[in-house]
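Listed below, chain by chain, are the residues.
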There are 2 protein chains.
Amino acid sequence: MGEKNLSIPTLKRLPLYCNIAQHALDMGKTLISSSEIADCLNIDSTQVRKDIAAIGYGGKPRVGFDSKELVKYIRNFLGLNKVNNVILVGAGNLGTALARNKGFLVQGINIKAVFDNDPKLIGSDIEGKQIVSIDNLQQYISDNKIKIAILTVPAFVAQETADKLFSFGIKGIWNFAPVNITHPKGVVVWNQDLVSNFITFIKFVKTF
Amino acid sequence: MGEKNLSIPTLKRLPLYCNIAQHALDMGKTLISSSEIADCLNIDSTQVRKDIAAIGYGGKPRVGFDSKELVKYIRNFLGLNKVNNVILVGAGNLGTALARNKGFLVQGINIKAVFDNDPKLIGSDIEGKQIVSIDNLQQYISDNKIKIAILTVPAFVAQETADKLFSFGIKGIWNFAPVNITHPKGVVVWNQDLVSNFITFIKFVKTF
């Protein structure tokens, strides 16, 4: 199966499998079965085996997966072994929280710079990440060959900011603003819909 | 199918279907097909029909779903027509951003109070939501019959805070701290793993 044919749900599960296998490894478990992975996520073990087969990893029949090999394989597949440089636009509370999150860098994701239009913020930094004026976006994206941006600006400027980002060469926006962003073909916007996630969680707790 | 048998992936898709049907309605589309919903989410239309059938909603064969009815049915199923009171613990950047997010209340989720241990914050408010001392958690949870908490404290106090919350009667924690929280049976912790989501997104953009 070509990479392009991997479904988004499969792509979403891969980092979770990787975390579970890493956790097993940290606990000294060198082998992990698809059922054990499935149980951690409340999904079917057939799904786990299908997903892992879809990225070309086999595992040993009856024995399970080698935890270390599985972590390595998925990390490599996801491109986590090299640094992915991204930018973040909007240094409000959420943007600041994301820029401070050390979990990204552990996974090879480097938030290289933070952009804002507030003169009081420009020139300062968030844990070593420079806050740059939004006026410098085009230059910075071009100089640093940035392809991915995290968008944490207020809703009312989200569309115009996204338009700029795409015109400057950004290929993917991870959007936290609660608006549907329209965009040209050939680029991607994913909405991180925290509200929907929380709705699902509340319903789950109620029926638990 | 009983509510307890609904899979988590189904539960996660329901709010998205609801958003899509609402968007269709806002655009004046009174009917929406499972294929149209599926296309918005890059999933199979069979999946959409299965999920919607699983919650007991039929739709009209060949004609599609009545957008308004579908929104109403899913909202009712998810309990969004009445207010769900929750608390948030940890008034840092992320906690503050979540407390400010007006999207929750639109969906009937009321972050009723915010808790922190910082004396400089206690007594102030975030957009009208009172910041209360963590020492008052037990009393507040009991007085207000709160069952669900959002956890946005630093990683190193996440486990002890979660232990307290469960002992005070909380049944579900939506956890943003980057740690695996151990918990007693009969309660639920969901990790909002932003880093994993972003990894998936980056991979998706690269293979797009």
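The shown structure was predicted, so the numbers you read here are calculated from the model rather than taken from an experiment.

Section: the sheet that holds strand β3 (residues 84-89) of chain B
Residues and elements named next belong to chain B. Strands sit in the order β5-β6-β4-β3-β7-β8-β9 across an open sheet of seven strands; the sheet is mixed. The open sheet terminates on both sides in strands that have one partner only, identified here as β5 (125-126) and β9 (188-191). In terms of strand pairing, strand β8 (residues 172-175) meets β9 through four bridges, oriented parallel. Considered in β9, the bridge of Ile173 is made with Val189. Sitting on the sheet, helix α7 (residues 137-144) is in contact with β3, β4 (109-116) and β6 (129-133), with an inclination near 160° to β4.

A look at the domain arrangement of chain A
Domain assignment breaks chain A into domain 1 (3-78) and domain 2 (84-195). Here the C-alpha centre of domain 2 of chain A lies 31 Å away from the C-alpha centre of domain 1 of chain A.

What to know about helix α8 (residues 155-167) of chain B
Residue pairs spaced three or four apart in an α-helix point in one direction, given the helix's 3.6 residues per turn. All names here are of chain B. Taking 1.5 Å as the rise per residue, α8 with 13 residues should run 18 Å; its terminal C-alpha atoms sit 19 Å apart, in good agreement. Every buried residue belonging to α8 is among Val157, Ala158, Thr161, Ala162, Leu165 and Phe166, and all of these are buried. Where α8 is buried, its residues touch β3, α7, β7 (148-151), β8 and β9. One or two positions beyond α8, positive phi appears at Gly169, with a value near 110°.

A word on the relation of the copies chain B and chain A
Expressed as a screw operation, the relation of chain B to chain A combines 0.0 Å of axial shift with a rotation of 180°, fitting to an RMSD of 0.1 Å. These values place the two chain copies in the arrangement generated by a two-fold rotation axis. When each C-alpha of chain B is compared by its distance to the rotation axis, Asn93(B) comes out closest, at 2.4 Å. Interface overlap between copies: 100% of the residues of chain B at the interface are likewise at the interface in chain A, consistent with a symmetric, same-surface contact.

So, the packing of helix α1 (residues 8-26) of chain B against helix α3 (residues 45-54) of chain B
All names here are of chain B. α3 packs onto α1 with a crossing angle of 100° between their chain directions and a minimal axis gap of 10 Å. If you check the angle between α1 and α3, you find them roughly perpendicular. The residues of α3 that touch α1, namely those facing Thr10, Arg13, Leu14 and Tyr17, are Gln47, Val48, Asp51 and Ile52. Residue composition of the contact of α1 with α3, grouped by class: four nonpolar, two polar and two charged.

Quick word on the nonpolar core
Membership of the largest hydrophobic core comes to 102 residues, with the highest contact counts inside it found for Phe198(A) and Phe198(B). Here Phe198(A) is in contact with Val86(B), Phe104(B), Ile109(B), Ile148(B), Ile150(B) and Trp174(B), once residues within four sequence places are set aside.

Topic: the sheet that holds strand β4 (residues 109-116) of chain A
Residues and elements named next belong to chain A. Reading across from one edge, β5-β6-β4-β3-β7-β8-β9 is the order of the seven strands in this open sheet, with mixed pairing throughout. Only two strands of the sheet have a single neighbouring strand rather than two, namely β5 (125-126) and β9 (188-191). Pairing geometry for strand β3 (residues 84-89) and strand β7 (residues 148-151), over three bridges, is parallel. Across the sheet, the residue bridging to Leu88 is Ile150, located in β7.

Things to note about the pairing of β4(B)
Residues and elements named next belong to chain B. Counted residue by residue, β4 has seven buried out of eight residues, so it is predominantly covered. Sheet topology places β3 next to β4; six bridges connect them, and they run parallel. Each residue of the ladder has a partner; that of Asn85, found in β4, is Asn110. Pairing of β4 with β6 involves three bridges; the strand directions are parallel. From the neighbouring strand, Val114 faces β6, where its bridge partner is Ile131.

Parameters and conventions
- Residues numbered from 1 in each chain as written.
- Chains lettered and ligands numbered in written order.
- Predicted model: local features only at pLDDT ≥ 70, side-chain atom pairs only at ≥ 80, totals over all residues.
- Heavy atoms only, no water.
- Pairing = 2+ DSSP bridges.
- Helix = DSSP H or I, 4+ residues; strand = E, 2+ residues; numbered from the N terminus.
- Contact = heavy atoms within 4.5 Å.
- Axes fitted to C-alpha atoms, helices over the stretch in contact; angles between N-to-C directions.
- Domains from an automatic or database assignment.
- Expected span 1.5 Å × (residues − 1).
- Buried < 20%, exposed > 50% of the residue type's maximum accessible area, 1.4 Å probe, protein only.
- Least-squares fit on C-alpha atoms with pLDDT ≥ 70 in both.
- Parallel < 35°, antiparallel > 145°, perpendicular 65-115°, else oblique.
- Nonpolar A, V, L, I, M, F, W, Y, C, P; charged D, E, K, R; others polar.
- Core = buried A, V, L, I, M, F, W, Y, C linked by side-chain atoms within 4.5 Å.

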